[in-house]
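Examination of the molecular architecture
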Amino acid sequence: DVKVTQSSRYLVKRTGEKVFLECVQDMDHENMFWYRQDPGLGLRLIYFSYDVKMKEKGDIPEGYSVSREKKERFSLILESASTNQTSMYLCASSSHPTVTNYGYTFGSGTRLTVV
Amino acid sequence: SQELEQSPQSLIVQEGKNLTINCTSSKTLYGLYWYKQKYGEGLIFLMMLQKGGEEKSHEKITAKLDEKKQQSSLHITASQPSHAGIYLCGAMNQAGTALIFGKGTTLSVSS
């Protein structure tokens, strides 16, 4: 069964900490995405990557960075965590950057709480 | 920028009843994705519609794309408790780089 795996389901971090959220896919997909999901705001795109060492800003990149050193792994980094970054973080991957019959495959999400 | 508006925001139906969820785009739709999310989990792909007038079914869930109205509808027949969750529609953003999503419709099914 193909998978996108996010390393943590729940995470609690302190304000100012550097936080790493890891995402690994086993489908040999080129394209990977990070979203955050908040009540009333829905899913918002943070960053995405079409290839190794490539990254593009999404709609809300401020306060985040990403790393894609290997094709299967896409990491989201919160340089200095703040309480307004408390959210559900969802990683996704796809075989094609645009139109695809199968959409994106999502991980189970990481619920991050910053205290 | 393109936006996807879903209605209703939430609904509660009795088991066995039919229901419809709508997704309206502010721009022309070139493809529309439906996903389901159980609370606190990731999104599960349901189906993708690409052509105007296209209709697809998966078990008791049917989705239709009306490009002229820039709208898609998702219909569930004879709802069951297993249908409960959040339904989200998604479409490619204007730049053609990634999917954007509606805010979701929360469905509860009472037995």
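Residues numbered from 1 in each chain as written. Chains lettered and ligands numbered in written order. Predicted model: local features only at pLDDT ≥ 70, side-chain atom pairs only at ≥ 80, totals over all residues. Heavy atoms only, no water.

A few points about the nonpolar core
- One finds Leu32(B), Trp34(B), Leu74(B), Tyr87(B) and Leu107(B) to be the most contacted residues of the largest nonpolar core, which totals 23 residues.
- Contributions of two or more residues to this core are made by strand 2 (10-14), strand 3 (19-25), strand 4 (32-37), strand 5 (43-49), strand 7 (61-66), strand 8 (71-76), strand 9 (85-92) and strand 11 (105-110) of chain B.
- Excluding anything up to four places from it in sequence, Leu74(B) contacts Leu19(B), Thr20(B), Ile21(B), Trp34(B), Leu46(B), Ile61(B), Thr62(B), Ala63(B) and Tyr87(B).
- Counting residues in each nonpolar core, the second largest holds 21 residues, with Leu21(A), Met27(A), Leu76(A) and Ala81(A) among its members. (Core = buried A, V, L, I, M, F, W, Y, C linked by side-chain atoms within 4.5 Å. Buried < 20%, exposed > 50% of the residue type's maximum accessible area, 1.4 Å probe, protein only. Helix = DSSP H or I, 4+ residues; strand = E, 2+ residues; numbered from the N terminus. Contact = heavy atoms within 4.5 Å.)

Remarks on the sheet that holds strand 8 of chain B
All names here are of chain B.
- The sheet built from five strands is open, its strands ordered 1-3-8-7-6 with antiparallel pairing. The open sheet has two free edges, formed respectively by strand 1 (4-7) and strand 6 (55-58), since each of these has just one partner strand. In this sheet, adjacent strand axes meet at a mean angle of 15 degrees when their direction is disregarded.
- Across six bridges, strand 3 lies against strand 8 in antiparallel orientation. Bridge pairing in strand 8 places Asn22 opposite Ser73. (Pairing = 2+ DSSP bridges. Axes fitted to C-alpha atoms, helices over the stretch in contact; angles between N-to-C directions.)

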